[in-house]
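These are the residues of each chain, in order.
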Amino acid sequence: MQFGRYFEEFEVGATYKHWPGKTVTEYDDHLFCLITMNHHPLHLDSHYAEGTQQGRNVVVGNYVYSLLLGMSVADVSGKAIANLEVESLRHVKPVFHGDTIYGESTVLDKKESSSKNDRGIVQVETIGYNQDGVVVCIYRRKVMVPKRPVTDSDEAALAAEQPNRPVPQER
């Protein structure tokens, strides 16, 4: 299975549908909030949340963004040299415990590096939506990815694909 893409494999306009989706549990949300020290009661206190306009706990937005970013790695940044920037991030609609999040990324632009000829920069927009197709989050980012290496054999290509992978010892 391919993990990430080389610069040449990205085409402007291509859309990658990330799979699988993830159902967000109360535990996921609370753990993320506590690990990141976001103790806002809208995310952690169901009694408090009942009195808000949403009427229930809302999943913390940074978890939704992080989830979508993670979903996109295999398709977008699995071979990344560097994540360069997040240009924009919008939380469009709230996510609730029990929602399932799906994501897809569209290639907006790509350009070769002006300083090193072995890499390029790819700009993507990722959208996240729930089980009903309601868009909940949209962000744009730029990733620096390598160009496909020129290799002499399939073994060398595999080594480039999976650096530092150990070789099994004889039994």
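Cut-off values and rules
Residues numbered from 1 in each chain as written. Predicted model: local features only at pLDDT ≥ 70, side-chain atom pairs only at ≥ 80, totals over all residues. Heavy atoms only, no water. Bend = angle between axes of the 7 residues up to and from the residue. Helix = DSSP H or I, 4+ residues; strand = E, 2+ residues; numbered from the N terminus. Buried < 20%, exposed > 50% of the residue type's maximum accessible area, 1.4 Å probe, protein only. Contact = heavy atoms within 4.5 Å. Core = buried A, V, L, I, M, F, W, Y, C linked by side-chain atoms within 4.5 Å. Salt bridge = Lys/Arg side-chain N within 4 Å of Asp/Glu carboxyl O. Patch = residues over 30% accessible without salt bridge, like charges linked within 9 Å, V, L, I, M, F, W, Y side chains within 5 Å. Areas by Shrake-Rupley, 256 points an atom, 1.4 Å probe, with all protein chains shown as cover. Pairing = 2+ DSSP bridges.

Participant: Can you break down helix 4 (residues 61-77) residue by residue, with the values?
Facilitator: The principal kink in helix 4, of about 40°, is found at Met71. Three or more residues of helix 4 are buried, namely Tyr63, Val64, Tyr65, Leu67, Leu68, Met71, Ser72, Asp75, Val76 and Ser77. The elements touched by buried residues of helix 4 are strand 1 (15-23), helix 1 (26-35), strand 2 (82-91), strand 3 (100-112), strand 4 (119-129) and strand 5 (135-146).

Participant: How would you summarise the nonpolar core if you had to cite specific residues and measurements?
Facilitator: Counting 16 residues, the largest nonpolar core has Val24, Tyr63, Val64, Leu68, Val95 and Ile101 as the members making the most contacts within it. Put simply, the parts of the chain that give this core at least two residues each are helix 1, helix 4 and strand 5. The leading source of residues in this core is helix 4, at 6 residues. Core analysis: the next-biggest nonpolar cluster, separate from the first, contains 9 residues, Phe10, Tyr16, Val76 and Val107 among them.

Participant: So, the pattern of salt bridges: which residues are in play, and what are the values?
Facilitator: Counted by the stated rule, this structure contains 7 salt bridges. Residue Lys22 pairs with Asp28 through a salt bridge whose shortest N-O separation is 2.6 Å. For Lys22, a relative accessible area of 27% puts it in the partly exposed group. In this structure, the salt-bridge partner of Arg119 is Asp118, at a minimum N-O distance of 2.9 Å.

Participant: Please set out a nonpolar patch on the surface residue by residue, giving values where relevant.
Facilitator: There is a patch of nonpolar side chains on the surface, built from Tyr27, Leu31 and Ile35 and spanning about 350 Å² of accessible area. Mapped onto the elements of the fold, Ile35 is located in helix 1.

Participant: Outline the pairing of strand 3, listing residues and values.
Facilitator: Along a regular strand, successive side chains alternate from one face of the sheet to the other. Across 6 bridges, strand 1 lies against strand 3 in antiparallel orientation. Bridge assignment links Tyr16 to a residue of strand 3, and that residue is Ser105. Summarising the sheet, strand 3 and strand 4 pair through 10 bridges and their orientation is antiparallel. Counterpart to Lys111 in the pairing with strand 4 is Ile121. With antiparallel pairing between neighbouring strands as the criterion, strand 3 and strand 4 make up a hairpin whose turn holds 6 residues.

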